Amino acid sequence: MPKIAIFQMNSSIKPKNNLNHIVTNAEYAASEGARILFLPEMAVMLDRDRKRAAKWVNGDGPRAVADQLSYCATEFGIDIALGSQPVAFANGKWANQSMYFSQGNDASVDPITYDKMHMFDVELSTGETWRESSAYEPGREVVAVEDTPLGRLGLTICYDMRFPALFEALGRRQCDAIAVPAAFTVPTGRDHWHVLLRARAIEASAFVIAAAQVGKHEDGRETYGHSLVVDPWGEVLLDMGDKWPGVGFCDIDLSRIEEVRAQLPSLANRRKIPN
C-alpha cells in the first residue's frame, strides 16, 4: 500500500523561494515514507504579470528547476510530480507543463512531460477574467506515466478536469491514478471542485490526486485549496482544506481499483456514441 504526499502550496512570484520550499518538503515527504510527492499547478512560480515572469521563463529558469528536481528525486528516493511550470516555445508562446521525475532515473534523464490541453479563458461573475490562451499554447498529446509506485499515472492540469473526453482517453489506457494539479479560483472551487474530481475518479475507475494552490498569493489572486485524494468509488480519502499550505499524506490501496472495476465495469461496458 504505497504512501503518497501532497504539498499544498501558496506559491509566490519568486521561483527560488518556491523551489527551496519544494526541495525541503520533498526531503521531508521521503523521510516519512512517501513514494511520490505531488505538487500543484504553477508550483515554481505563480505570477499573473507575464512581463515580469518572462525573464525567468525565457531564460534558464525552467531547465534549472528540472535539473534540481531530477537530482532531488534520486537523492531523496522519491518520485516527484511537478504539477506544472511555464516553459517557453520557439514561437514566443509558453507551455503550461507538468513534469514527472522518477527516483529510478539519474539526473541526466529528462522527465516525462505533459502540456495542458485546455486553456482557461473565462469571465466570471465576480469580475475575474483569465485569458490563458493569450500566452500559452495548448498541448496536443494525452500522456500517461508507466510504472510509477501507483501503477500507470495519467497527467492532466486544472481546467482539464472539465473535459471528460481527456479522462475517457486516460481510462481507455487503464490508468490506475490520474494527477490533477491545480490553481483553482475560489468561486469556481466552492461549486465545482469536489463534484468534478469525484466524477472524474468514478468515470475512470481510478484514483484522482489533486494537489492545489491555496490562499492569497503575492500576485494578488486567491486560490481555493482543498487538495484531494479520491478513490475509484468516488470516496474522498484526503481533503486538506483551505486554511494552510503544507504536506498531507495518504496511503493508496491499489487493490481498490480492481475491486471497483469488478463491481462496476464501466470501462469495459463503454460504447462508441454515434454523432
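Just above sits the structure.
Presented here is a report on the structure given in the accompanying data block.

Definitions and cut-offs
Residues numbered from 1 in each chain as written. Predicted model: local features only at pLDDT ≥ 70, side-chain atom pairs only at ≥ 80, totals over all residues. Heavy atoms only, no water. Helix = DSSP H or I, 4+ residues; strand = E, 2+ residues; numbered from the N terminus. Rg over C-alpha atoms; globule rule 2.2 N^0.38 Å. Buried < 20%, exposed > 50% of the residue type's maximum accessible area, 1.4 Å probe, protein only. Contact = heavy atoms within 4.5 Å. Areas by Shrake-Rupley, 256 points an atom, 1.4 Å probe, with all protein chains shown as cover. Lys, Arg positive; Asp, Glu negative; His and termini not counted. Charge placed at Lys NZ, Arg CZ, Asp CG, Glu CD. Salt bridge = Lys/Arg side-chain N within 4 Å of Asp/Glu carboxyl O. Phe/Tyr/Trp six-rings, centres within 6.5 Å; stacked < 30°, edge-to-face > 60°. Lys NZ or Arg CZ within 6 Å of the ring centre and 35° of its normal. Arc of directions from axis to C-beta. Disulfide = S-S within 2.5 Å. Pairing = 2+ DSSP bridges. Axes fitted to C-alpha atoms, helices over the stretch in contact; angles between N-to-C directions. Core = buried A, V, L, I, M, F, W, Y, C linked by side-chain atoms within 4.5 Å.

**Comments concerning the overall build of the chain**
Part 1 of the reasoning: A count of helical and extended segments in the chain gives 7 helices and 16 strands.
Part 2 of the reasoning: Relative to the 2.2 N^0.38 estimate, which gives 19 Å for 275 residues, the radius of gyration of the chain is 18 Å and therefore close to what a compact globule would have.
Part 3 of the reasoning: Principal-axis analysis of the C-alpha atoms places the extent of the chain at approximately 50 × 45 × 40 Å.
Part 4 of the reasoning: Across the 275 residues of the chain, 56% fall into the buried class.
Part 5 of the reasoning: Within the chain, residue pairs in contact and separated by at least 24 positions form 68% of the contacts whose partners lie at least 6 positions apart.
Part 6 of the reasoning: Of the roughly 12300 Å² of accessible surface on the chain, 49% is carried by carbon and sulfur atoms.
Part 7 of the reasoning: Taken as two groups, the 29 positive and 36 negative side-chain charges of the chain have centres that lie 6 Å from each other.

**Here we look at the pattern of salt bridges**
Part 1 of the reasoning: A complete count under the given rule lists 13 salt bridges for this structure.
Part 2 of the reasoning: Between Lys116 and Glu41 there is a salt bridge; the shortest N-O distance is 3.1 Å. Residue Lys116 is found in the loop between strand E5 (112-115) and strand E6 (121-123), and its partner Glu41 is found in the loop between strand E2 (36-38) and helix H2 (50-57); the two are separated by 75 residues along the sequence. Of the two residues, Lys116 and Glu41, neither departs from the other in class, the shared state being buried.
Part 3 of the reasoning: Where Asp219 meets Arg221, a salt bridge forms, and the shortest distance between an N and an O atom there is 2.8 Å.
Part 4 of the reasoning: Its relative accessible area of 13% is what places Arg221 among the buried residues.
Part 5 of the reasoning: A cluster of three or more residues bridged by salt bridges with shared partners is formed by Arg63, Asp67 and Asp110.

**A look at the packing of aromatic side chains**
Part 1 of the reasoning: One pass over the structure, following the stated rule, counts 4 aromatic pairs.
Part 2 of the reasoning: Between the aromatic rings of Trp94 and Tyr136, the centroid separation amounts to 5.7 Å while the plane-to-plane angle is 85 degrees, which identifies the pairing as edge-to-face. Pair noted here: Trp94 is in strand E4 (residues 94-101) and Tyr136 is in the loop between strand E7 (129-131) and strand E8 (144-148), with a separation of 42 residues, a long-range link. Comparing Trp94 with Tyr136 shows no difference in burial state: the two are buried.
Part 3 of the reasoning: On the basis of an interplanar angle of 55 degrees and a centroid distance of 5.0 Å, the ring pair of Phe184 and Trp193 is categorised as tilted.
Part 4 of the reasoning: Lying across the ring of Phe249, Lys3 places its NZ or CZ 5.4 Å from the centre.

**So, helix H6 (residues 255-263)**
For the α-helix, the turn length of 3.6 residues means that residues three or four positions removed from each other point alike.
Part 1 of the reasoning: Taken as a whole, H6 has its buried residues at Arg256, Ile257, Val260 and Arg261. One face of H6 carries all of its buried residues, which in axial projection span an arc of 130 degrees. Turned more than 90 degrees off the buried face of H6, the exposed positions are Glu258 and Ala262.

**Thoughts on the state of the cysteines**
Part 1 of the reasoning: By the definition in use, this model includes 0 disulfides.
Part 2 of the reasoning: Not part of a disulfide, Cys175 finds its nearest cysteine sulfur in Cys250, a span of 18 Å.
Part 3 of the reasoning: Classification of Cys175 as buried rests on a relative accessible area of 1%.

**Description of the environment of His21**
Part 1 of the reasoning: Inspection of the secondary structure puts His21 in helix H1 (residues 15-31).
Part 2 of the reasoning: Residue His21 is classed as partly exposed on the basis of its relative accessible area of 45%.
Part 3 of the reasoning: Residues His21 and Phe89, spaced 68 residues apart in sequence, show a C-alpha to C-alpha distance of 27 Å.

**Section: the sheet that holds strand E14 (residues 228-230)**
Part 1 of the reasoning: Taken in spatial order, the 6 strands of this open sheet run E8-E9-E10-E11-E14-E15, and their pairing is mixed. Pairing within the sheet leaves two strands with one partner each, and these edge strands are E8 and strand E15 (236-239). In this sheet, neighbouring strand axes are inclined to one another by 15 degrees on average, regardless of whether the strands run parallel or antiparallel.
Part 2 of the reasoning: Where strand E11 (residues 207-210) meets E14, 3 bridges bridge the pair, whose relative direction is antiparallel. Each bridged residue has a counterpart across the sheet, and for Ala210 the counterpart in E14 is Leu228.

**Re the nonpolar core**
Part 1 of the reasoning: If you look at the biggest cluster of nonpolar residues, it comprises 48 residues, and the most contacted ones within it are Ile4, Phe38 and Trp193.
Part 2 of the reasoning: In terms of residue count, the dominant contributor to this core is helix H5 (residues 186-204) (5 residues).
Part 3 of the reasoning: Discounting chain neighbours no more than four positions away, the residues touching Ile4 are Ala34, Ile36, Phe38, Leu150, Ile209, Val229, Gly248, Phe249, Cys250 and Ile252.
Part 4 of the reasoning: Core analysis: the second largest hydrophobic core is formed by 38 residues, Leu46, Leu82, Val87 and Trp94 among them.

Purely spatial values, then, with no claim about function.
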